[in-house]
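These are the residues of each chain, in order.
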Amino acid sequence: MLASSRSLTSNVSLARTSFHIIEADGVRVFYRQAGPVDAPVLLLLHGFPSSSHMFRELMPRLATHYRVVAPDLPGFGFTTVPTERNYQYSFDSLATTAEAFVEALGLKRYALYVFDYGAPVGFRLAVAHPERVTAIVSQNGNAYEEGLSDAWDPIRRYWAKPTTENRNAVRDALLTFEGTRWQYTHGVANPEAVAPESYTLDAALLERPGVKDIQLDLFLDYRSNLTLYPKFQAYFREAKPPLLAIWGKHDPFFIPPGAEAYRRDNPNAVVELLDTGHFALETHVEEIAVSIRQLLAHENKN
């Protein structure tokens, strides 16, 4: 069900991205797609507070050889959840919707690109269906407690005591325009290199009615991901998927030890640290695209 499309081509022959909506799990899931429909699939899962928009520059660079698919998770971007759906915003629910989306598109096997919130969503999919996952790219997508920085302290206080005061402290720190812009520019050598429409779009979408409360519910539920870290790590040990942990090393939330930890459980893990922050695609899309192509090319030979 094609909603609309526009060309992202340029004089470097970038591929075309199209925009779609499909119903899955009672949700109208908006997604971007590029590349041949019969090519190997790369499923891209975004993080907070972004959407599939964060992959706008990456997708055309991979679509010559891969079918790249990037949904907006419920509560983000342009995906809409009917009121009568009574959706419960938790990471289990996001993963259930993501799995329904995969099945609605008929994706039998795929590589995963996970970032931030996309990591616990994607790793739930991998644990449930390890036979489907051909490789994993974790770009600042955490699965180890040592990867959590001190910047999580206000959220940890919210987990311990979900009072109105602690909920509002998280709201004031992260759910503002300045808080969103800071997530994009912190740790970036030249903040002006970050396209302003990135954080401006995210901040604007956060201002829609009810969205900030959705995000605060997800912040509270993030502790469920830590409970599942041992299951995720067991999957890495048992399945040993080809894995690239490519990390903005100045990320204020997910620090480099979280990237290095993948090697402990998966001998097929490769770690690359980039001189940038949380949203590494904003400054290092070419480098990340090259590393992904190398990972997937090697996997497709096996």
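Within every chain, residues take consecutive numbers counted from 1 along the sequence as written. Since the coordinates come from a predicted model, pLDDT governs what is reported: local features require at least 70, and pairs of side-chain atoms require 80 or more to be given and counted, while whole-chain, interface and lining totals use all residues. Side-chain metrics in this entry use all non-hydrogen atoms of the structure; hydrogen atoms and water are not considered.

(A) The arrangement of the overall build of the protein in detail. When helices and strands are tallied, the protein shows 12 helices and 9 strands. Here the open area of atoms and residues is found with the Shrake-Rupley method and a 1.4 Å probe, where only the protein chains shown may cover a residue. Carbon and sulfur atoms make up 52% of the accessible area of the protein, which totals about 12,500 Å². Between the centroid of the 29 positive side chains of the protein and the centroid of its 35 negative side chains there is a distance of 3 Å. The helix count covers DSSP runs of H or I at least four residues long, the strand count covers runs of E at least two residues long, and both are numbered beginning at the N terminus. His is not counted, nor are the chain ends; Lys and Arg add positive charge and Asp and Glu add negative charge. Lysine's charge is taken at NZ, arginine's at CZ, aspartate's at CG and glutamate's at CD.

(B) Molecular detail of the nonpolar core. Core analysis: the biggest nonpolar cluster contains 68 residues, and Phe219, Phe236 and Tyr262 have the highest contact counts within it. Ranked by residues supplied to this core, first place goes to helix α2 (residues 91-105) with 8 residues. In this text, buried Ala, Val, Leu, Ile, Met, Phe, Trp, Tyr and Cys residues form a nonpolar core when linked through side-chain atoms within 4.5 Å. Buried, partly exposed and exposed residues are distinguished by accessible area as a fraction of the type maximum, computed with a 1.4 Å probe on protein chains only: under 20%, between the cut-offs, and over 50%, respectively. Grouped together as the second largest cluster of nonpolar side chains are 34 residues, Met54, Tyr66, Ile246 and Ala289 included.

(C) Focus on helix α5 (residues 164-174). All of the buried residues in α5 are Asn166, Arg167, Val170 and Leu174. With its buried residues spanning 105° around the axis, α5 presents them on a single face. For α5, the exposed residues set more than 90 degrees away from the buried face come down to Thr164, Glu165 and Asp172. Turning to α5, the residues buried within the fold contact α4 (153-160), α6 (177-185) and α8 (211-221). The arc in question is the one spanned by the directions pointing from the helix axis to the C-beta atoms. The contact criterion used throughout is that any non-hydrogen atoms of two residues lie within 4.5 Å.

(D) Quick peek at the pairing of strand β5 (residues 67-71). Summarising burial for β5: 5 of the 5 residues are buried, a large majority. Side chains of β5 alternate between two faces, with Arg67, Val69 and Pro71 and Val68 and Ala70 buried alike. Both strand β3 (residues 27-34) and β5 contribute to a ladder of 4 bridges, which runs antiparallel. Across the sheet, the residue bridging to Tyr31 is Pro71, located in β5. When DSSP finds two or more bridges between two strands, those strands count as paired. Judged from the 3 bridges that link them, strand β4 (residues 41-45) and β5 form a sheet pairing that is parallel. The partner of Val41 across the bridge, within β5, is Arg67.

(E) Structural view of α2. The span one expects for a helix is its residue count, reduced by one, times 1.5 Å. With 15 residues, α2 extends 21 Å between its outermost C-alpha atoms, agreeing within 8% with the 21 Å of an ideal straight helix rising 1.5 Å per residue. Taken together, the buried positions of α2 are occupied by Phe91, Ser93, Leu94, Ala95, Thr97, Ala98, Ala100, Phe101, Val102 and Leu105.

(F) Here's a closer look at the side chain of Asp265. Relative to the elements of secondary structure, Asp265 occurs in helix α11 (residues 262-265). Given the relative accessible area of 9%, Asp265 is considered buried. Here a polar contact is recorded for every N or O atom pair within 3.5 Å, except that within protein the pair must consist of a potential hydrogen donor and a potential acceptor, and residues adjacent in sequence are included only if both atoms are side-chain atoms. A polar contact of 2.7 Å, which involves the side chain of Asp265, links it to the side chain of Tyr144. With sequence-adjacent residues up to four places away left out, Asp265 is seen in contact with Tyr144, Gln233, Phe236 and Arg237.

(G) Quick look at the confidence of the model for the protein. pLDDT expresses, on a scale from 0 to 100, how confident the predictor is about each individual residue. When pLDDT is averaged across the protein, the result is 94; 94% of the residues are at 70 or more. Here residues 1-12 scores under 50 on pLDDT; set against residues more than four positions off or in separate chains, the count is 27 contacts.

(H) Region of the structure containing the packing of α4 against α8. At their nearest, the axes of α4 and α8 sit 9 Å apart, and the two run at 85° to each other. By the angle between their directions, the pair α4 and α8 is classed as roughly perpendicular. Where α4 abuts α8, its residues Ile155, Tyr158 and Trp159 lie against Leu216, Phe219 and Leu220. Side-chain classes follow a simple rule in which Ala, Val, Leu, Ile, Met, Phe, Trp, Tyr, Cys and Pro form the nonpolar group, Asp, Glu, Lys and Arg form the charged group, and the remainder, Gly included, forms the polar group. Each residue belonging to the contact of α4 with α8 can be placed in one class, and the counts come to 6 nonpolar, no polar and no charged. Axis definition: a line fitted to C-alpha atoms, over the contacting stretch in the case of helices. Angles run 0 to 180 degrees between N-to-C directions. We call two directions roughly parallel when the angle between them is under 35 degrees, roughly antiparallel when it is over 145, roughly perpendicular when it lies between 65 and 115, and oblique otherwise.

(I) Just the packing of aromatic side chains, in detail. Each pair of aromatic rings taken from Phe, Tyr and Trp, with Trp reduced to its six-membered ring, is defined by centres within 6.5 Å and is described as stacked if the planes are under 30 degrees apart, edge-to-face if over 60, and tilted in the remaining cases. One pass over the full model with this rule turns up 29 aromatic pairs. Ring geometry for Phe91 and Tyr222: centres 5.5 Å apart, planes at 90°, overall edge-to-face. One end of the pair, Phe91, is in helix α2; the other, Tyr222, is in the loop between α8 and α9 (223-239), with 131 residues separating them in the sequence. Judged by relative accessible area, Phe91 falls into the buried class, the value being 0%.

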